[in-house]
Amino acid sequence: MVWVFLTTIFWSIADILYKKAVSVSNIKSNVFQFIWEILSIPIIIVFLFLDFNFHLFIDLRIISLFLLTIVLFIINNNLCQYLYKNEKLSTLLPYFKINNFIVISVGFLFFNDSSLISFLICVWAILLTMTFSVDFKKRSIPKNLWKILLYEAISAVKLIISVYILKSITNIEYVVLDQTFYIIFGFLTILYFKELDEFKKMNIEIIKYRSSSYVFWFANYFIWIFLLQNFWVVITTLFWFFGSSLSIFLAYFFLKEVPVKKDIILWFLLIMLVGFWYYYR
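Rules of the game
- Residues numbered from 1 in each chain as written.
- Predicted model: local features only at pLDDT ≥ 70, side-chain atom pairs only at ≥ 80, totals over all residues.
- Heavy atoms only, no water.
- Buried < 20%, exposed > 50% of the residue type's maximum accessible area, 1.4 Å probe, protein only.
- Helix = DSSP H or I, 4+ residues; strand = E, 2+ residues; numbered from the N terminus.
- Axes fitted to C-alpha atoms, helices over the stretch in contact; angles between N-to-C directions.
- Parallel < 35°, antiparallel > 145°, perpendicular 65-115°, else oblique.
- Left-handed = near helix turned anticlockwise from the far one by under 90°.
- Contact = heavy atoms within 4.5 Å.
- Nonpolar A, V, L, I, M, F, W, Y, C, P; charged D, E, K, R; others polar.
- Patch = residues over 30% accessible without salt bridge, like charges linked within 9 Å, V, L, I, M, F, W, Y side chains within 5 Å.
- Areas by Shrake-Rupley, 256 points an atom, 1.4 Å probe, with all protein chains shown as cover.
- Salt bridge = Lys/Arg side-chain N within 4 Å of Asp/Glu carboxyl O.
- Core = buried A, V, L, I, M, F, W, Y, C linked by side-chain atoms within 4.5 Å.

### Some points on helix H2 (residues 29–37)
The element H2 is largely enclosed, with a buried count of nine among its nine residues. Ser-29, Asn-30, Val-31, Phe-32, Gln-33, Phe-34, Ile-35, Trp-36 and Glu-37 are the residues of H2 that are buried.

### Re the packing of H2 against helix H4 (residues 60–86)
Look at H2 against H4: their axes get within 9 Å of each other, and the N-to-C directions meet at 110°. Put simply, H2 runs roughly perpendicular to H4. Where H2 crosses over H4, the handedness of that crossing is right-handed. Facing H2, whose interface residues are Ser-29, Asn-30, Phe-32, Gln-33 and Glu-37, H4 presents Phe-73, Ile-74, Asn-77, Asn-78 and Gln-81. Taken together, the residues that form the contact of H2 with H4 break down as three nonpolar, six polar and one charged.

### A short note on the environment of Ile-161
Summarising the element assignment, Ile-161 is placed in helix H8 (residues 145–166). Taking the C-alpha atoms as reference points, Ile-161 and Leu-68, 93 residues apart in sequence, are found 8.6 Å from one another. Not counting chain neighbours up to four residues away, the residues in contact with Ile-161 comprise Leu-65, Leu-68, Thr-69 and Leu-72.

### Side note on a nonpolar patch on the surface
There is a patch of nonpolar side chains on the surface, built from Leu-116, Leu-120, Val-123, Trp-124 and Leu-127 and spanning about 490 Å² of accessible area. You can see Leu-120 is positioned in helix H7 (residues 116–133).

### Considering the nonpolar core
In terms of nonpolar packing, the biggest core is built from 60 residues, with Phe-66, Tyr-84, Ile-169, Tyr-174 and Leu-177 touching the most fellow members. Sequence-distant contacts of Phe-66, defined by excluding residues within four places in its chain, comprise Ile-165, Ile-169, Tyr-174, Leu-177, Asp-178 and Phe-181. Of all hydrophobic cores here, the second largest spans seven residues; its members include Phe-101, Leu-266, Leu-270 and Leu-273.

Here is the structure:
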């Protein structure tokens, strides 16, 4: 439970600082993300001496899977920055675990990795989230809903691949390979799109919020990989809901984002569903 508590705190703080950094930045998303990934290099070097299997660097299957997740991450990173810049956290957060629900549903339908109760709760959670997204007075949906759903669909594919990878390697090996391949491929992406000039747009305010965000995010990322490997998607999703509640609370105080009533109602209903699942699991 200590790890659950820590990842909840780290993720919530990182989320608030990340949104603040995005709101004050005009740097293109590839460079905005890449700069801070460099901070992980000292940790990668340390992890390389912690019983790391160097043969993984020449394992074509593992390399191919990681390259696929990195391409998906780069696409999603562009979507994520756009959404964080244009939406409130209280609006986004109820949708940001649809990808986990998709994975749980796929696990139930095709791999027998989820229970019937988990599957049914996932279906209800998705239906509730979609229903609350519709403005029945105006008979319209949020303008960024399709971007959110695309983001979640890509995240689901990435998550399935990550779970598959974690069945073959340790969480330390996953972090080293993920970060190493991203730094290499991310830099090549910046060169391809000729975005080196974007580095000149860095300023003290962006550095302050984004570096702080990354430190908390990386700590959360490592714990999340550990939880994902040991508890799989269902339990990890449960942990995330309580962390997201804290994010909405912090956003109210630090970003002055006041959630609308239907977002609060949806959040309570989703937490009740997760609580129901936990009781009957």
